[in-house]
Amino acid sequence: MGIVKGDQMVLNIGPQHPSTHGVLRLKVVTDGEIVSDIEPIIGYLHRCFEKHCENSTYEQVIPFTDRCDYIASMNNNFGYVVAMEKLMEIKVPDRVEYIRIIMAELNRIASHLLALGVYGLDVGAFTPFLYMFRDRERILDIFELTCGARLLYNYMWVGGVSHDLPVGFVETVYGFLDYFEPKLKEYNEILTYNKIFIERTADVGVLPPEVAISYGVSGPNLRGSGVKWDLRKDEPYSIYERFDFEVPVGEGTVGTTGDCWDRFYVRMLEMIESAKILRQALKNLPQDGDVHQAIPKKIRPPKGSIYQRTESPRGDLAYYIISDGSPEPYRLKMRSPAFTALSVLNEISRGWMLSDVIAILGSLDIVLGEIDR
Amino acid sequence: MTDNLEQLINDAVEKALAGDMDAINNIEDRVTRSKAKAALVKAKREAAKEQTEKSSDENSIDSSDVKQDLTINENIAELLIQQFPDDIIKELSSKEHIQIQSKNWLIISKYLRDDPACLFDSLQCITGVDLGEESDLEVRYNLHSMTHRHAVEIRISCLRNKAKVPSVESIWRIGDWFERETYDMYGIEFEGHRDLKRILLPEDWEGWPLRKDYEVQETYHGIVVPKVKEGWE
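Here the structure is a predicted model, which is why all the values come from computation and not from measurement.

Enquirer: Outline the overall build of chain B, supporting the account with residue identities and numerical values.
Expert: Within chain B, the secondary structure is distributed over six helices and eight strands. Ordered by position from the N terminus, the helices and strands of chain B form the series α-α-α-α-β-α-β-β-β-β-α-β-β-β. In chain B, which comprises 233 residues, the share counted as buried stands at 43%. Residue pairs at least 24 apart in sequence account for 49% of intrachain contacts in chain B once pairs closer than 6 positions are excluded. Put simply, chain B shows about 13300 Å² of open surface, and 49% of that area lies on carbon and sulfur atoms.

Structure follows, in structure tokens:
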């Protein structure tokens, strides 16, 4: 942090503060209203994920992954099972693949709804938050219908999923999509093109693409800077290559490319693309197939290691798994996208006003559970 | 009793070296099993070392192999061998990764980032690994290039008691936090890092939790830490 000069002040934000999205502490050095340095202090939510994994069997790891990014648990399950299946060379039935993609994309919409709603709250718009939570609730209801849990699902297992789809699931999701798609226009009217919102977010906290790449920033934050990079498109895993969807990028519509508004708007556009994928998946969902058929009796991967990346709502979520042939992982490392996104905060908030830091932090969409693991 | 155990471990290791990992995995007792694994890693290291010595004696391995069908890792390894012949440990590298010496890692990483054939502009992940209670630690770097869309894995091993690896924080900015995390969990010192301190654990934490020989401290801030129970209750 260096030496604090006489006319500077150190301001402590958090660990308990609503705008830090969890238990995050920011040590901010301010010069009047202007921020000259930020040091994020993390670890308040550290639950020894990686150490626990080394003492658990491979099946027992899945509920832990839920609790890392608790906003998008399905996507965390997904990344883990994709890595495990690649390591064990398991081919899962088509029906399972489609179910997984439906769940992952539903969870992506739910996660983005939370991110955008809370972001509105951060910059002072309370109403959109309520609207978006109302719609997110419908997705959680669908998950509850499927596996009984609303937040931490433990739904995807190595080789399959825990429950087959309930009766009437497809119609319920179609019903949700028919309801949800017109709502996006409403969000745009109420928040995206709101004059005050644009004033608060356009041209603020510009993240240039080369800085983003050097800091390992990924997902919507990277695409907000204009880099067209989406693992679902560029390194397809599961069956994403079968779907037709666009990768939206930030274009600086109301300000500079890579500003807070771009990062916000990319998420808004991504929800449209997710809805598109959902419609295709529902249409092609195979009617028959046992979802438990490919689940191995004993999970003992062969000796070796794997590094598998998947696209979670927050970016490149990767698992590095080292197996020594026993029922427990020898080493399991999770590469968390929110961790890298938070590390860039200091770089892009220096020189901005204190209230802008809250706007910048919110636009990065971090989840502390995943940062601290 | 102890003689019996040692005998059991030795037998299991011999079988495992012959390719039968089940011999070790079927050991019931968890402590014995991990001891056996550590012994196995050690045995393999020694075997690899012997091979290295042998091959350096023979010196000239035919290098005019067929160059088609090379994976990207092998391509990059070829490039690195031309540039830094002394730093690549060819014998321990494979199709999946390149093993290098730690000494010139900073120069090599700069080359990997800037050379037009490599252009690894993004450091994906740094993973620390403990190779077993009596062997070395290892740092694994997963690199990715946004231009060429290829990826490579670099591994650097370091001694358990003197764990030091050059820092690449100045090459890839995310190296800063990744290295702090690896330091936090394994106690590997990254030389040249501007602000190397714990990141996830409190600053006054004792020990390196992800090392296999880690023991929980007895008291923390005067509070007695409860003993870890075996298994789940």
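Enquirer: Explain the overall build of chain A residue by residue, including any values.
Expert: For chain A, the helix and strand inventory stands at 15 helices and eight strands. In terms of C-alpha radius of gyration, chain A reaches 21 Å, essentially the compact-globule figure of 21 Å for 373 residues. For chain A, the C-alpha atoms occupy an extent of roughly 65 × 45 × 35 Å along the three principal directions. Here chain A holds 373 residues, and 63% of them are scored as buried. The long-range fraction of contacts in chain A, counting pairs at least 24 apart against all pairs at least 6 apart in sequence, stands at 72%. A distance of 3 Å separates the average location of the 40 positive side-chain charges in chain A from that of its 51 negative side-chain charges.

Enquirer: With reference to specific residues and values, describe the confidence of the model for chain B.
Expert: Residues of chain B with pLDDT of at least 70 account for 79%, and the chain-wide mean is 76. Per-element averaging of pLDDT across chain B places helix α3 (residues 30–58) of chain B at the bottom with 61 and helix α6 (residues 175–186) of chain B at the top with 90.

Enquirer: Describe the sheet that holds strand β1 (residues 9–13) of chain A, and please don't skip the residues or the numbers.
Expert: Residue and element names in this part refer to chain A. The antiparallel open sheet is built from three strands, whose spatial order is β1-β2-β3. Only two strands of the sheet have a single partner each, and these edge strands are β1 and β3 (34–41). The mean inter-strand angle of the sheet, taken between neighbouring strand axes irrespective of direction, is 25 degrees. Here β1 pairs with strand β2 (residues 25–31) via five bridges, running antiparallel. Looking at the pairing, methionine 9 lines up with threonine 30 of β2.

Enquirer: Could you give an account of the packing of helix α3 (residues 73–88) of chain A against helix α4 (residues 94–122) of chain A, naming the residues involved and the relevant values?
Expert: Residues and elements named next belong to chain A. Where α3 meets α4, the axes come as close as 8 Å, and the angle between the chain directions of the two elements is 145 degrees. In this structure, α3 crosses over α4, and the sense of that crossing is left-handed. Seen from α3, the contacting residues are Ser73, Met74, Asn75, Phe78, Val81 and Glu85; seen from α4, they are Arg100, Ile101, Met103, Ala104, Asn107 and Arg108. Split by residue class, the contact of α3 with α4 holds six nonpolar, three polar and three charged.

Enquirer: Tell me about the interface of chain A and chain B, residues and numbers included.
Expert: The partner chain B presents 45 residues to the 45 residues of chain A that form the contact. Viewed at the interface, chain B and chain A are joined by six salt bridges. A salt bridge links glutamate 39 of chain A to lysine 197 of chain B, with the shortest nitrogen-to-oxygen separation between them at 2.8 Å. Seen at the junction of chain A and chain B, the total is 21 residue pairs in polar contact (both at pLDDT 80 or more). Listed by contribution, the elements that provide at least two residues to the side of chain A that touches chain B are β3, α1 (49–54), α8 (209–214), β6 (304–312), β7 (315–323), β8 (331–335), α12 (337–343) and α15 (368–372) of chain A.

Enquirer: Residues and numbers for the state of the cysteines, please.
Expert: All names here are of chain A. Tallied over the entire structure, the rule returns zero disulfides over all chains. Counting only cysteine sulfurs, cysteine 53 is the nearest neighbor of cysteine 68, a cysteine outside any disulfide, at a range of 7.5 Å. Lacking any disulfide linkage, cysteine 147 is separated from the closest cysteine sulfur, that of cysteine 68, by 18 Å. Owing to a relative accessible area of 15%, cysteine 147 belongs among the buried residues under this scheme.

Enquirer: Describe the sheet that holds β6 of chain A, with residues and values.
Expert: Residue and element names in this part refer to chain A. In spatial order, the strands read β6-β7-β8; together these three strands make up an open sheet with antiparallel pairing. Strands with a single pairing partner mark the edges of an open sheet, and in this sheet they are β6 and β8. Each adjacent strand pair in this sheet contributes to an overall mean axis angle of 10 degrees, direction not counted. Here helix α2 (residues 58–68) sits on the sheet and contacts β7 and β8; the angle it forms with β7, its principal contact strand, is near 155 degrees.

Enquirer: I'd love a proper account of the nonpolar core, names of residues and values included.
Expert: Counting 154 residues, the largest nonpolar core has Tyr80, Tyr155, Ile321 and Ile366 of chain A together with Trp105, Leu112 and Tyr141 of chain B as the members making the most contacts within it. For this core, the element with the highest residue contribution is α4 of chain A, accounting for 13 residues. Contacts of tyrosine 155 of chain A, omitting those with residues within four sequence positions, involve Met74, Asn77, Ile99, Met103, Thr146, Cys147, Val161, Ser162, His163 and Leu165 of chain A. Counting residues in hydrophobic clusters, the runner-up holds eight residues, among them Ala318 of chain A together with Cys125, Val129 and Leu131 of chain B.

Enquirer: Which residues make up the packing of aromatic side chains, and what are the values?
Expert: All names here are of chain A. Under the criterion given, the structure shown has 22 aromatic pairs over all chains. Between tyrosine 80 and tyrosine 319, the ring centres sit 5.8 Å apart and the planes meet at 70 degrees, which makes this aromatic pair edge-to-face. Of this pair, tyrosine 80 sits in helix α3 while tyrosine 319 sits in strand β7; the two residues are 239 residues apart in sequence, bridging distant segments of the chain. With a centroid separation of 5.3 Å and an interplanar angle of 15 degrees, the aromatic rings of phenylalanine 176 and phenylalanine 180 are classed as stacked. Here phenylalanine 180 and phenylalanine 176 lie together in helix α6 (residues 169–192), a separation of four residues that amounts to about one turn. Phenylalanine 176 gets classed as buried once you look at its relative accessible area, which sits at 3%. On the basis of relative accessibility, which here comes to 0%, the residue phenylalanine 180 falls in the buried class. Linked through ring pairs, Phe78, Tyr98, Tyr237, Tyr240 and Phe243 together constitute an aromatic cluster. Sitting over the ring of tyrosine 240, arginine 232 keeps its end group 6.0 Å from the ring centre. A cation over a ring is seen here: arginine 373 above phenylalanine 339, with NZ or CZ 5.2 Å from the ring centre.

Enquirer: Quick one: what's the story with a nonpolar patch on the surface, residue by residue and with numbers?
Expert: Taken together, Leu121, Phe126 and Leu130 of chain A make up a surface patch of nonpolar side chains, about 280 Å² in accessible area. Tracing the backbone shows phenylalanine 126 of chain A in the loop between α4 and α5 (127–147).

Enquirer: Now, about the pairing of β2 of chain A: what can you tell me, with residues and values included?
Expert: Sheet analysis places β2 of chain A next to β3 of chain A, joined by seven bridges and oriented antiparallel. Opposite valine 28 of chain A, over in β3 of chain A, you have isoleucine 38 of chain A as the bridge partner.

Enquirer: Describe the pattern of salt bridges, listing the residues and the values that go with them.
Expert: Taken as a whole, this structure holds 42 salt bridges over all chains when the rule is applied. One salt bridge connects aspartate 135 of chain A with arginine 134 of chain A, and the closest N-O pair in it is separated by 3.1 Å. The salt bridge partner of arginine 140 of chain B is glutamate 138 of chain B, with a shortest N-O separation of 2.8 Å. A relative accessible area of 2% places glutamate 138 of chain B in the buried class.

Cut-offs and rules
Residues numbered from 1 in each chain as written. Chains lettered and ligands numbered in written order. Predicted model: local features only at pLDDT ≥ 70, side-chain atom pairs only at ≥ 80, totals over all residues. Heavy atoms only, no water. Helix = DSSP H or I, 4+ residues; strand = E, 2+ residues; numbered from the N terminus. Buried < 20%, exposed > 50% of the residue type's maximum accessible area, 1.4 Å probe, protein only. Contact = heavy atoms within 4.5 Å. Areas by Shrake-Rupley, 256 points an atom, 1.4 Å probe, with all protein chains shown as cover. Rg over C-alpha atoms; globule rule 2.2 N^0.38 Å. Lys, Arg positive; Asp, Glu negative; His and termini not counted. Charge placed at Lys NZ, Arg CZ, Asp CG, Glu CD. pLDDT = per-residue confidence, 0-100. Pairing = 2+ DSSP bridges. Axes fitted to C-alpha atoms, helices over the stretch in contact; angles between N-to-C directions. Left-handed = near helix turned anticlockwise from the far one by under 90°. Nonpolar A, V, L, I, M, F, W, Y, C, P; charged D, E, K, R; others polar. Salt bridge = Lys/Arg side-chain N within 4 Å of Asp/Glu carboxyl O. Polar contact = N/O pair within 3.5 Å; in protein donor to acceptor, adjacent residues only side chain to side chain. Disulfide = S-S within 2.5 Å. Core = buried A, V, L, I, M, F, W, Y, C linked by side-chain atoms within 4.5 Å. Phe/Tyr/Trp six-rings, centres within 6.5 Å; stacked < 30°, edge-to-face > 60°. Lys NZ or Arg CZ within 6 Å of the ring centre and 35° of its normal. Patch = residues over 30% accessible without salt bridge, like charges linked within 9 Å, V, L, I, M, F, W, Y side chains within 5 Å.

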